[in-house]
Structures are given as structure tokens and as C-alpha cells.
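Chains, contacts and geometry: an overview
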Amino acid sequence: MDIRTVSTTPFSDQKPGTSGLRKSVTVFQKPHYLENFVQSIFDSLEGCQGQTLVLGGDGRYYNRQAIQTILKMAAANGIGRILVGRGGILSTPAASCIIRKYKAFGGIILSASHNPGGPDGDFGIKYNITNGGPAPEKVTEAIYARSKVIDSYKIADVADINLDKLSVSRIGEMGVEVIDPVEPYARLMESLFDFDRIRELIKGDSFSLCMDSLHAVTGPYAKNILEQRLGAPGGTVQNGEPLEDFGGGHPDPNLVYAHDLVEVMFADNAPDFGAASDGDGDRNMILGNKFFVTPSDSLAVLTANAHLVPGYKDGLSGVARSMPTSAAVDRVAAKLGIDCYETPTGWKFFGNLLDADKATLCGEESFGTGSNHVREKDGLWAVLFWLNILAVKGESVEDIVRNHWQTYGRNFYSRHDYEEVAKEPATELMERLRSSVGEMKGKKFGAYEVDYADDFSYTDPIDGSVSSKQGIRIGFTDGSRIVFRLSGTGTKGATLRVYLESYEPDASKHSVETQAALKPLIDLAEEIAQIRKFTEREEPTVIT
Ligand code: VG1
Ligand code: CO
């Protein structure tokens, strides 16, 4: 095997964000761009020589080319063995499952998740560590530091590997195994949920379901699990063929971008259960017949009903949610007498809590839910968890959620995104908030009085690492809250996220429309942050 050492110069913009390095495809196609970052990963992983790595992606444009390049670079860098998903496919949770199952050293996942794909879309790359979870900040910082000084990379001069059939081969000394991307993951799901009971539910005349894979990676997973293993009728999975450009769509499972599913679920004769997943399969949206379940409520409902599910029947050690996620799950945790942790945005912050068995279930308001079965959020896992609960309880999605509110009260919740706004004024908006939160406590805005205001900082209870500047939170004495932060996954300009939450214990007020219920807070967010002025937008691009 000929190994070439190619000289290169650093790029200054290879700092991983909330979930890996995300850029437009055209940036990744710049000569040496991908190679520099991949070499920076190998250079910062101590002891990776001779070890096993897992490799795969969500099938978006540039996935296959990147995989061939990474295979050749891995061989040149002394990696022992690579397990790659057939067709270059691995959903993010499946990659996490396979890293854990094979006790691999780590994995490289190619995805820009919910960002659009295609030649004009986005591409991304993230590194996951031995526990199967996203690299913590100290690893991503080391990779970034390396990328700023890199002057060469190594690559083997060999032919491409055929990714389309299962095989065991070699590139020089390195073993390459093309593996089934679905099987190990589907088996893990079978070990957690009562498949017999879900099969019965689906077989009955009184229940129907629809899953929208948005032409992204969960297509083959959902067809295998829902249609083949659980007997749902063919066609239950719509948009189930992964496409390089996701059919031109935005593979983000929310009410705006999953419009095909919304049409089905809000029509007359809608199915009883609907779900969608994102580009790389780690997000989920849950719908009932003409009913939307907010991700924050979904986490709370799963926590309250976990004892009904075989994999969790022995109880939960604790739960964790990202800071902007609503406090609905906190109320359930309090009732169960378990701890509830509040972490910064991004799944990497759950890893230590899961490893130390301080949390069993975790969730984010951004349609992410998961557990200690892997170290990533997991879209289909959430779908199966819901189906298992529905099968046991025999109630509708809407009834389950409404009864939950009756017991715990309702946390009205919404996120307003201002996407692709100018970076400088968005940063100024955040800076102004940052400098004013210190004096906000006790301040009155109409009926609202500020209970606390800060820029969220998190000290990891396991390793003591501190992550600061994680979002401005302003909490009011009535339990409502506004949070402001800038996205760390966007690739154009800046995206401002405004998270709004208010608590309503009175069940007679639970049917108010969400935006109406939150109107006073929405107005207050504008008053405090002057969103219109700084974003030059009259309204948010996406409301979830
Ligand atoms: C967003 C979400 C965050 C999530 C992240 C990655 O980050 O808000 O909760 O963990 O995406 O999800 P940000 O920084 O844009 O708000 V995924 O499905 O892209 O891996
Ligand atoms: Co994702």
C-alpha cells in the first residue's frame, strides 16, 4: 500500500458546534477541507492505532465520497479496523449502538442532521467516543486546536471499496467490514420494547399509524422495524427512500417541515399515531389524531409511563433535560422521587450522566429523546416507546397527554426561531442581554416579576468541567421563563432561538391554543430583547 503525505495549510473555521462540524457541501468540497479535519481527528485521538472505528452517515450528498476518503486516511493512519454501514448508511443512534456493541474505540458519523442536503445543502462530520456518544468539549477542542496548525495529512493510494454489499476486506493492514446498518439496532429495540404487544395493537382494526422518514436515513430502519418486524401494512412508512437531497426537503421533524405527515394527521380519518424523524434519525416528532405532542411533554410522558415498558420497568435512576427544555419532566421526577439534571443544549452533555447511571432518560425540546440504551438521542426508539405505552394503556395519544396535564399541570411551551439573520446584530442582541441580566432580579414587567436571570453555566457533576455562556435565562416568579440563545448548528448567518414557557396548573385552562397562552411572554421577549430591531424580522421563521 502506498501512503502519500500531502502538505496542506490550516482552515480557520473548523470549530465543531453543538453537534460536530457543519458547513455547506461547497465548503467541504474545497481541496483538503475534509482531509484536514479528518487528520485533525486522528491526530488528537491518543491510542487509536490498531483500534476499531465505526463509520457511516445519513446518506446525504457527499456521504459516499467522504467515506472513501476517510477509509483511505484511516488505513494510512494505522487504524486497525473499520466497520462501515452498507451503502455508507448508519443513523446516528445506530452508529452509537454499533460502537457500543463492538466495543469500538469510537466512530465518525457523517451528517448535518436536520439541515437540508444536496449539492447546495449542508454536510457535516462528528466524532463519537468509546461510550458511543458525541465527543465532549475537551475532545472537540483538541480537534479544533489541531486543525489550526495542521500542515499535512496521510492518505493511502488505493482503489475505492465497494460499499454496497456486505463484505470483509483490507486496505493494507486495516480491516474493512461492510456491515448491515439496521440489524444490530433493530435487535436492540427488540430487547427494550414489548414487540408482541405492539404487534397486537397494530394488527387490530382500531389502530392505525403513519411514519414519515422525510427521505432521510430512518427509511430502511422504520420499514424493517415497523413494517417487517411489527407487521404494519406496507406504506406505513412514507418518504422512506433515503435520497441524497432528501427530496429537496428540510429533514427536520416539526410541524413546518414535516408537512406531508401533518396533512395526513390533521385530515378527517387521520391515523391514531404519527411520527417523523430527521436527517440522521436521532430526532422524533410524535403526533396523535389531530394532536401535536411537544417534545418536552413527550419526555415527561415517557418518564411517567416508563414502568409499562420492559426495558425500563425496574425504574429510572434519574432523568436529564437540556436547559431550554420545559420543566414538565421535572414535575414527574419530583413525584417519582428521582433526580432531574439540567444540562446545556446538545447531547454530549448527557454522556457522563448516562455513564455514571445518574440518568436513564434524557431529552431536549428540539425533538430529541433517548435513554441509556445508546449515547445519542434516538428517533425510532421514541416512536417505539410511545407505541409500547399506547399498546399497554389502550388510550389515544391525546388522552394520554391530557390526563398527564391533569395530574401534573401543563407547561405551555414554544420555541421561536429566527433563522439566517445577520450575525453581527444577533450577537449584539445576545451581548446586550448578557450585560443586563445581572441587574434584572426583582425587576417588574407588567404582571411579571423577574425571579432570576443569568447566562447559563453548567458544571458537569461527574468530571467537574465547566461550560459557560450556554444561553440567557430569565425566570419569573410565576414559574414562567424566557430563554435566548444562538444556534450552534446553522451554517448561514446566525439563528436566534427564543424559548417560551409558562405553567398552568388549572385543568380548565389547558385547552387554550399555545401561542395564545404564551402571548404575554412573547410580547415580553420582544420588549426585553428588541428582537425585531436586531433581526430585522417581523416574525419568526419557524415556530415549534
Ligand atoms: C440544535 C438543537 C439541539 C440539538 C442539536 C443537534 O442545536 O437545538 O437541542 O442537540 O441541534 O441536533 P442548536 O445549537 O442549533 O440549537 V441534531 O438532530 O442536529 O444532531
Ligand atoms: Co439529528
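Residues numbered from 1 in each chain as written. Chains lettered and ligands numbered in written order. Predicted model: local features only at pLDDT ≥ 70, side-chain atom pairs only at ≥ 80, totals over all residues. Heavy atoms only, no water.

Some points on the pattern of salt bridges
Rule in force here: Each reported salt bridge corresponds to a side-chain nitrogen of Lys or Arg within 4 Å of a carboxyl oxygen of Asp or Glu. Strands here mean DSSP runs of E at least two residues long; helices mean DSSP runs of H or I at least four residues long; both are numbered from the N terminus. Only protein chains enter the calculation, and the probe is 1.4 Å; a residue is then buried if its accessible area is under 20% of its type maximum, exposed if over 50%, and partly exposed in between.
Summed over all chains, the structure comprises 33 salt bridges. Close ionic contact of E183 with R229 constitutes a salt bridge, the shortest N to O distance being 2.9 Å. Separated by 46 residues along the polypeptide, E183 in helix 6 (residues 183–192) and R229 in helix 8 (residues 218–229) bring together distant segments of the chain. Residue E183 is classed as partly exposed on the basis of its relative accessible area, which comes to 26%. Between R532 and E538 there is a salt bridge; the shortest N-O distance is 3.7 Å. According to the relative accessible area criterion, R532 is partly exposed, its value standing at 41%. Several salt bridges share partner residues, and in doing so they unite R321, D330, E342, D454, R473, R481 and E501 into one network.

Remarks on the coordination of the cobalt ion (ligand 2)
Stated formally: Sites may look incomplete because water is not among the atoms; the donors themselves are N, O and S atoms within 2.8 Å of the metal, or within 3.2 Å for Na, K and Ca.
Protein coordination of the cobalt ion (ligand 2) is provided by S113 (OG), D278 (OD), D280 (OD) and D282 (OD), with donor distances spanning 2.0 to 2.1 Å. If you list the donors of the cobalt ion (ligand 2) from N- to C-terminus, the spacing comes out as S-x164-D-x1-D-x1-D. Across the pair, D282 and D278 agree in class, each one buried.

What about the site of ligand 1?
Rule in force here: When we say a residue is near a molecule or strand, we mean one of its heavy atoms is within 4 Å of it. Any N or O atom pair separated by 3.5 Å or less is treated as a polar contact, with the protein-specific requirement of one donor-capable and one acceptor-capable atom, and with residues adjacent in sequence counted only for side-chain atom pairs. Under the scheme applied, nonpolar residues are Ala, Val, Leu, Ile, Met, Phe, Trp, Tyr, Cys and Pro; charged residues are Asp, Glu, Lys and Arg; polar residues are all the others, including Gly.
Near ligand 1, the surroundings consist of 21 residues, among which T18, S113, S366, T489 and R497 are the closest. For ligand 1, an oxygen atom lies 2.7 Å from a polar atom in the side chain of R283. Here the shell around ligand 1 is built from residues that sort into no nonpolar, 10 polar and 11 charged.

Examining the sheet that holds strand 13 (residues 284–288)
Let me state the cut-off plainly: Strands qualify as paired when DSSP identifies two bridges or more between them.
The 5 strands are arranged 11-10-12-13-14 in an open sheet whose pairing can be described as mixed. The open sheet has two edge strands, strand 11 (237–238) and strand 14 (291–293), and neither has a second partner.

Things to note about the environment of A382
Spelled out, the test is: What makes two residues a contact is simply this: any of their non-hydrogen atoms within 4.5 Å.
Its place among the elements puts A382 in helix 13 (residues 379–393). For the pair A382 and K441, spaced 59 residues apart in sequence, the C-alpha separation works out to 38 Å. Discounting chain neighbours no more than four positions away, the residues touching A382 are N284, I286 and T369.

Quick notes on the sheet that holds strand 3 (residues 52–57)
Our working rule: Between N-to-C directions, angles cover 0 to 180 degrees, with each direction set by a line fitted to C-alpha atoms, over the stretch in contact for helices.
Read from one edge of the open sheet, 7 strands run 2-6-5-3-4-9-8, paired in mixed fashion. Edge positions in the sheet fall to strand 2 (21–24) and strand 8 (167–171), since each has one partner strand and no second. Ignoring strand direction, the axes of neighbouring strands in this sheet form an average angle of 20°. Across the face of the sheet, helix 4 (residues 92–101) comes into contact with strand 3, strand 4 (81–89), strand 5 (106–110), strand 6 (122–128) and strand 9 (174–179) while running at roughly 165° to strand 5.

Observations concerning the packing of helix 2 (residues 33–44) against helix 3 (residues 63–76)
Rule in force here: Any angle from 65 to 115 degrees is called roughly perpendicular, while one under 35 is roughly parallel, one over 145 is roughly antiparallel, and all others are oblique. Here a crossing is taken to be left-handed if its near helix is turned anticlockwise relative to the far helix by less than a right angle, and right-handed if that turn runs clockwise.
Here helix 2 crosses helix 3 at 40°, and the two axes come no closer than 11 Å. Considering their axes alone, helix 2 and helix 3 lie oblique with respect to each other. Handedness of the helix 2/helix 3 crossing: right-handed. In this structure, helix 2 uses L34, E35, V38, Q39 and F42 to contact helix 3, whose residues at the interface are A66, T69, I70, M73 and A74. Counted by class, the contact of helix 2 with helix 3 contains 7 nonpolar, 2 polar and 1 charged residues.

A look at the nonpolar core
This is how the line gets drawn: Joining through side-chain atoms within 4.5 Å is the link that ties buried Ala, Val, Leu, Ile, Met, Phe, Trp, Tyr and Cys residues into a set, and such a set is a nonpolar core. Those domain boundaries reflect an automatic or database domain assignment.
Of all hydrophobic cores here, the largest spans 72 residues; its most connected members are F193, F273, W381 and W386. No other element matches helix 13, which puts 11 residues into this core. Here this core gathers at least three residues from each of two domains, domain 1 (2–181) and domain 2 (185–408). If we skip the residues at most four places from it in the chain, W386 touches F273, I286, V293, S298, V301, L302, V397, I400 and V401.

Here we look at the packing of helix 11 (residues 328–336) against helix 14 (residues 397–408)
Where helix 11 contacts helix 14, the axes come no closer than 11 Å and their chain directions differ by 65°. As for how helix 11 packs across helix 14, the hand of that crossing is left-handed. Counted together, R331, V332 and K335 of helix 11 and H404, T407 and Y408 of helix 14 form the full contact between these two elements. Split by residue class, the contact of helix 11 with helix 14 holds 2 nonpolar, 2 polar and 2 charged.

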